[in-house]
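# Structural description and commentary
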Amino acid sequence: MSASQSDFFYGWNLLFKTIEKQINKKDDLLIALAHFVLTKHSQFRCIGLGDDKTLTEEDENSGSELLPDNWNDDDKNYALRYTHNKQLYILLGLRTEGSLIITLMDVKAHKVSNIGLDGEEWIKDLKGNISNMIPNASQLSERYRKELLEPVFSGNSRAVTTQTASSSTSSANPDHDPLRIGEPRRPFNPFGAPDFQGPPPFGFPDVGRGDLDPLGRGGPGNLFPFPQQPGYLLGPNAGPRPRFDPFGPPDRGLRPNPNPDHLPPPGFGGDYYM
């Protein structure tokens, strides 16, 4: 047995000495090892026999790492009660044809796990050290931990750890969305500053952003720009403009940009040049 295995099974000899004279079948050793894993490595406390699902104040303040008297008197069934952090757990063993079904129940949370074991496969002897009695004791203990204990007991702590890690990831990146497909969402900038906003999402033009920017960034928006020179429409702002003549009628420079007398006021009569 390696050093790590020796550390894991430290305390087994003391437990076995207290039950050595009571061991009379291979199923007894399967239950004894399950009891050792619960009490030594998960700090369960055994409070007696039976499957009573009520937990008294006396039960909460009692318990032992030892197996109680008469724990294996029944030839086919086992029933042991444990507490951990004032919660009640029940360990049951039922002999069926060819195997022993071991069940662990969290009474308050209504969680149940079970494992089926063949004593002939795992137990080689009823006397001696643990290596002689259970040659694969380490593998069996690992199965107890994964299949019997974790789904009922350790699974609660693991779920909390996962949820906390997920929450931390979401807090660190508020734009994180596991359901999003494609590029991540860009932060909203109502002023449309080029050095902050970057290229417009989805290739849409920056229409109307200038109206929201008090510093005039992002183009003229929906307001009519005032032309500075006749050729300004060919510059970077080229594109559709409001439908009026910004230069006036041809060959006239009297009232340009635009000519207010293009049409007479309603009911004004026939004076075209008033």
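Numbering of residues begins from 1 in every chain and follows the order in which that chain's sequence is written. In view of the model being predicted, local features appear only for residues whose pLDDT reaches at least 70, and side-chain atom pairs are presented and counted only at 80 or more, with totals across whole chains, interfaces and linings using the full set of residues. For side-chain calculations, the full set of non-hydrogen atoms in the structure is used, while hydrogens and water are omitted.

The name given to the protein chain in an unreviewed UniProt entry is Proteasome inhibitor PI31 subunit, with the source organism recorded as Stomoxys calcitrans. A UniProt comment under Sequence similarities (unreviewed entry) is attached to the protein chain, and it reads "Belongs to the proteasome inhibitor PI31 family." UniProt positions are given in the numbering used here, feature names are shortened, and annotations may be inferred rather than shown by experiment.

## So, the pairing of strand 3 (residues 87–96)
We call two strands paired when DSSP finds no fewer than two bridges between them. Counting from the N terminus, the helices are the DSSP runs of H or I reaching at least four residues and the strands are the DSSP runs of E reaching at least two. Inspection of the sheet shows strand 2 (residues 77–84) paired to strand 3 by 8 bridges, in the antiparallel sense. Opposite tyrosine 78, over in strand 3, you have glycine 93 as the bridge partner. Once strand 2 ends, the chain turns through 2 residues before running back antiparallel as strand 3, passing asparagine 85 with a positive phi of about 55°. Across 8 bridges, strand 3 lies against strand 4 (residues 99–106) in antiparallel orientation. Bridging from a neighbouring strand, glycine 93 pairs with isoleucine 102 of strand 4.

## What to know about the pattern of salt bridges
Each salt bridge in this description consists of a side-chain nitrogen of Lys or Arg and a carboxyl oxygen of Asp or Glu lying within 4 Å of one another. What the rule picks out here adds up to 8 salt bridges. Salt-bridge contacts for arginine 95 lead to aspartate 27; the nearest nitrogen and oxygen are separated by 2.6 Å. Within this pair, whereas arginine 95 is found in strand 3, its partner aspartate 27 is found in helix 3 (residues 26–41), the two being separated by 68 residues in sequence. Using a 1.4 Å probe on the protein chains alone, a residue whose accessible area is under 20% of its type maximum counts as buried, one over 50% counts as exposed, and one in between counts as partly exposed. Residue class for arginine 95 comes out partly exposed when judged on its relative accessible area of 24%. Residue classification places aspartate 27 among the buried residues on the basis of a relative accessible area of 6%. Two residues, aspartate 59 and arginine 81, come together in a salt bridge whose shortest N-O distance is 3.9 Å. Of this pair, aspartate 59 sits in helix 4 (residues 57–60) while arginine 81 sits in strand 2, and the two are 22 residues apart along the sequence. The same class applies to aspartate 59 as to arginine 81, namely buried. Where salt bridges share partners, they join Glu142, Arg145, Lys146 and Glu150 into one cluster.

## Considering the environment of tryptophan 122
With respect to the element layout, tryptophan 122 can be found in helix 5 (residues 119–122). In this structure tryptophan 122 comes out as buried when scored by relative accessible area, which is 11%. The spatial distance from the C-alpha of tryptophan 122 to the C-alpha of leucine 140 is 8.0 Å, given a sequence separation of 18 residues. In what follows, residue pairs with any heavy atoms lying within 4.5 Å of each other are defined as contacts. Ignoring anything within four residues of it in the chain, the contact list for tryptophan 122 reads Leu30, Leu117, Met133, Ile134, Pro135, Asn136, Gln139, Leu140 and Arg143.

## Structural notes on the packing of helix 2 (residues 12–19) against helix 3
For the pair helix 2 and helix 3, the least separation of the axes is 11 Å and the interaxial angle reads 135°. The angle between helix 2 and helix 3 places the two elements in the oblique class. Seen along the crossing, helix 2 lies across helix 3 with a hand that is right-handed. Where helix 2 approaches helix 3, its residues Trp12, Leu15, Phe16 and Ile19 are matched on the opposing element by Leu29, Ala32, Leu33, His35 and Phe36. Throughout this entry, Asp, Glu, Lys and Arg are counted as charged residues, while Ala, Val, Leu, Ile, Met, Phe, Trp, Tyr, Cys and Pro are counted as nonpolar. The remaining residues, Gly among them, count as polar. A class-by-class count of the residues in the contact of helix 2 with helix 3 yields 8 nonpolar, 1 polar and no charged. Geometry is summarised by axes, namely lines fitted to C-alpha atoms with helices restricted to the contacting stretch, and by angles between N-to-C directions that run from 0 to 180 degrees. Should an angle lie under 35 degrees it is considered roughly parallel, over 145 roughly antiparallel, and from 65 to 115 roughly perpendicular; all remaining angles are considered oblique. Two helices that cross are described as forming a left-handed crossing if the nearer one is turned anticlockwise from the farther one by less than a right angle, and a right-handed crossing if clockwise.

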